[in-house]
Amino acid sequence: MHNKSNVLLPTWIFEQAQDTNERNQLIDQYMARYPGYTILEVKGRFAICQIPR
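Predicted model only: the values in this text are computed from it and were never measured.

Draft legend 1. Structural view of the side chain of Ser-5. Topologically, Ser-5 is positioned in strand β1 (residues 2–8). Residues in contact with Ser-5, not counting those within four places in the same chain, are Tyr-37, Ala-47, Ile-48, Cys-49 and Ile-51.

Below you can see the structure in the form of structure tokens.
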């Protein structure tokens, strides 16, 4: 079974990123801290993720 989870992304990602590509790279690096989470989309400051449970 899969569930969704909202992960609040830190402010430094959005402050440091120069463009969308860099933002996505920083988000991917940050989300490595959450094994098993698959990013479905980014809404505002949240990564909407699918997680196995």
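Draft legend 2. Representation of helix α2 (residues 20–31) in the model. In this model, α2 (12 residues) spans 16 Å end to end at C-alpha, consistent with the 16 Å of a helix rising 1.5 Å per residue. Capping of α2 at its N-terminal end is provided by Asp-19; its side-chain oxygen lies 3.2 Å from the backbone amide nitrogen of Asn-21.

Draft legend 3. Molecular detail of the packing of aromatic side chains. For the structure on display, the rule yields two aromatic pairs. When the ring of Tyr-30 is compared with that of Tyr-34, the centres are 6.0 Å apart and the planes differ by 50°; the resulting orientation is tilted. Given the relative accessible area of 27%, Tyr-34 is considered partly exposed. Ring centres of Tyr-34 and Tyr-37 lie 5.3 Å apart, and the angle between their planes is 50°; on these two criteria the pair is classed as tilted. Here the aromatic cluster, defined as three or more aromatic residues joined through ring pairs, consists of Tyr-30, Tyr-34 and Tyr-37.

Draft legend 4. Summary view of the environment of Asn-24. Positionally, Asn-24 belongs in helix α2. Take Asn-24: its relative accessible area is 31%, and that puts it in the partly exposed class. For the pair Asn-24 and Arg-45, spaced 21 residues apart in sequence, the C-alpha to C-alpha distance is 12 Å.

Draft legend 5. Main features of the pairing of strand β2 (residues 38–43). Across five bridges, the pairing between β2 and strand β3 (residues 46–52) is antiparallel. Opposite Lys-43, over in β3, you have Phe-46 as the bridge partner. Hairpin connection between β2 and β3: a loop of two residues separates the two successive antiparallel strands, and Gly-44 in this loop has a positive phi of roughly 60°.

Reading the values: rules and limits
- Residues numbered from 1 in each chain as written.
- Predicted model: local features only at pLDDT ≥ 70, side-chain atom pairs only at ≥ 80, totals over all residues.
- Heavy atoms only, no water.
- Helix = DSSP H or I, 4+ residues; strand = E, 2+ residues; numbered from the N terminus.
- Contact = heavy atoms within 4.5 Å.
- Expected span 1.5 Å × (residues − 1).
- Polar contact = N/O pair within 3.5 Å; in protein donor to acceptor, adjacent residues only side chain to side chain.
- Phe/Tyr/Trp six-rings, centres within 6.5 Å; stacked < 30°, edge-to-face > 60°.
- Buried < 20%, exposed > 50% of the residue type's maximum accessible area, 1.4 Å probe, protein only.
- Pairing = 2+ DSSP bridges.

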